[in-house]
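Given next are the chains, with one letter for each unit.
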Amino acid sequence: MELPYQKIFVTGHRGMVGSAFCRLLARKHPHIQVITAPREQLDLTRESDVRAFLEANRPDAIVFAASRVGGIIANATYPVEFLSENVQMAIATITAAYELGVKRFLYLGSTCIYPRMAPQPIREEYLLTSPLEETNEAYALAKIVGLKLCQYYRKQYGVLFHSAMPTNLYGTGDNYHPNHSHVIPGLIRRFHEAKINGAETISIWGTGKPRREFLYVDDLADALLHLISIHNPPDWVNVGSSTDISILELANLVARTIGYQGQILTDPSKPDGTPRKLTDTSLMQATGWTPTIELGEGLKLAYEDFLTGLSNGNLRSQ
Ligand SMILES: NC(=O)c1ccc[n+]([C@@H]2O[C@H](COP(=O)([O-])OP(=O)(O)OC[C@H]3O[C@@H](n4cnc5c(N)ncnc54)[C@H](OP(=O)(O)O)[C@@H]3O)[C@@H](O)[C@H]2O)c1
């Protein structure tokens, strides 16, 4: 696949998604110049700085993987920052990109943009059909602003600005914080520690019955590359694996991957959350893309990455 770009600016290049995309570009398109800027050098919420940076570097495409992200507690404690910083970053970068003639803009959101009670599997057209999940409303609203601004620029000015909405991600560069991590890195860390400590039982939150969908981050990177290479991408599109698994099945799979042989207990006194969250990926499939890393293989890769981070002393856990 040839890409008609000489310089691609990847925002959030130190994050899980941005770094996966940079790795893939370096491997598949080594002739493309990848532009990056650490947050200390360029705070994307500062409109004039973003404009000056784009003017100086002149990328012809931007993949927008920067975001203020966080779990339920962070979202509940700092809704002002989750809304305002994410909206500011999106408006500053999308606006400057248009004004400076950037040919292609791919904005990253997440499936939290869809209504709390969206029918399953979730289709793109369910956006804005009923209320959002309250616990991450501020973040979701900001992401909706980003995707809508891209859609409006495309409609009003004919530029190829569009968005991708990934499902739950895991894999290389994940965050293994003991309390603030997502489900897969959280399970990897806990099962690994249980194995090392010889714990006979391990308890997982809730009944274990809720079903969730997961995508390896390198598959997402491949999907992003595909999306910026096609001529008429959807305004926004779900990127997922289109298969779900119960949390208890997932815990068993993680245990097998890690070699933990103790017993897995559930804790029904803890809340389960939504019973099922699965994206409909037929629109993405219709563009000609499907994922290739199935969950069992992805968990092995993720565990290898965890062990490497642990032995090098640079495991991400903030
Ligand atoms: N992880 C998932 O499971 C998941 C699932 C669905 C969608 N997504 C979406 O994918 C995107 C990237 O997520 P991620 O998991 O890669 O997040 P991440 O690992 O936390 O990376 C986010 C990046 O954004 C940068 N950033 C934040 N605020 C900034 C600012 N004001 N100026 C410049 N850079 C800033 C951070 O810079 P520093 O390195 O300096 O902190 C970091 O590199 C987000 O839109 C997220 O919603 C993620």
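Below is a summary of the structure that appears in this document. (Residues numbered from 1 in each chain as written. Predicted model: local features only at pLDDT ≥ 70, side-chain atom pairs only at ≥ 80, totals over all residues. Heavy atoms only, no water.)

The helix and strand tally for the protein stands at 10 helices and 12 strands. Whereas a compact globule of 318 residues would reach a radius of gyration of roughly 20 Å, the protein reaches 20 Å, a difference of no more than 12%. Judged by the C-alpha coordinates and their principal axes, the protein covers about 60 × 45 × 40 Å. For the protein, the computed accessible surface area is about 15000 Å², with 51% contributed by carbon and sulfur atoms. (Helix = DSSP H or I, 4+ residues; strand = E, 2+ residues; numbered from the N terminus. Rg over C-alpha atoms; globule rule 2.2 N^0.38 Å. Areas by Shrake-Rupley, 256 points an atom, 1.4 Å probe, with all protein chains shown as cover.)

Taking 1.5 Å per residue, 18 residues should reach 26 Å; helix α10 (residues 295-312) reaches 25 Å between its end C-alpha atoms and fits that length. As for α10, its buried residues are in contact with β6 (168-170), α6 (183-197), β8 (211-216), β10 (244-246) and α8 (247-258). The N-cap residue of α10 is E294: its side-chain oxygen and the backbone nitrogen of G296 are 3.1 Å apart. A positive phi of about 75° marks G313, the residue just after α10. (Expected span 1.5 Å × (residues − 1). Contact = heavy atoms within 4.5 Å. Polar contact = N/O pair within 3.5 Å; in protein donor to acceptor, adjacent residues only side chain to side chain.)

The strand order across the open sheet built from six strands is β2-β1-β3-β4-β5-β9, with neighbouring strands paired in parallel fashion. Here the strands that pair on one side only, and so sit at the sheet edges, are β2 (33-35) and β9 (236-239). Sheet twist, expressed as the mean angle between neighbouring strand axes with direction ignored, is 20°. When strand β1 (residues 7-11) meets strand β3 (residues 61-64), the two strands line up parallel, connected through four bridges. When the bridges of β3 are listed, V10 appears paired with V63. (Pairing = 2+ DSSP bridges. Axes fitted to C-alpha atoms, helices over the stretch in contact; angles between N-to-C directions.)

Turning to the environment of M117, a few remarks are in order. With respect to the secondary-structure elements, M117 resides in the loop between β4 (104-108) and α5 (137-157). Owing to a relative accessible area of 62%, M117 belongs among the exposed residues under this scheme. C-alpha of M117 to C-alpha of S130: the two residues are 13 residues apart in sequence and 7.5 Å apart in space. (Buried < 20%, exposed > 50% of the residue type's maximum accessible area, 1.4 Å probe, protein only.)

Turning next to the state of the cysteines. Summed over all chains, the structure comprises zero disulfides. No disulfide involves C112; its sulfur sits 16 Å from the nearest other cysteine sulfur, which is in C150. Overall, C112 belongs to the buried group, its relative accessible area being 9%. For C150, a relative accessible area of 0% gives the class buried. (Disulfide = S-S within 2.5 Å.)

So, on to the site of the ligand. Near the ligand, the surroundings consist of 25 residues, among which R14, M16, V17, R39 and Y139 are the closest. Between an oxygen atom of the ligand and a main-chain N or O atom of V17, the distance comes to 2.8 Å. Y139 places a side-chain nitrogen or oxygen 2.3 Å from an oxygen atom of the ligand. Burial of the ligand by the protein amounts to 88% of the accessible area it has alone, namely 900 Å². Put simply, the parts of the chain that give the shell around the ligand at least two residues each are α1 (16-28) and α5. (Near = heavy atom within 4 Å.)

Turning to the packing of helix α4 (residues 79-99) against α5, a few remarks are in order. Orientation of α4 relative to α5, taken along the N-to-C sense of each, is 15°, at an axis distance of 7 Å. The angle between α4 and α5 places the two elements in the roughly parallel class. Of the two elements, α4 crosses α5, and the hand of that crossing is right-handed. Judged by residue contacts, P79, F82, L83, N86, V87, A90, I91, I94, T95 and Y98 of α4 engage A138, Y139, L141, A142, V145, G146, L149, C150, Y153 and Y157 from α5. Here the residues of the contact of α4 with α5 sort into 17 nonpolar, three polar and no charged. (Parallel < 35°, antiparallel > 145°, perpendicular 65-115°, else oblique. Left-handed = near helix turned anticlockwise from the far one by under 90°. Nonpolar A, V, L, I, M, F, W, Y, C, P; charged D, E, K, R; others polar.)

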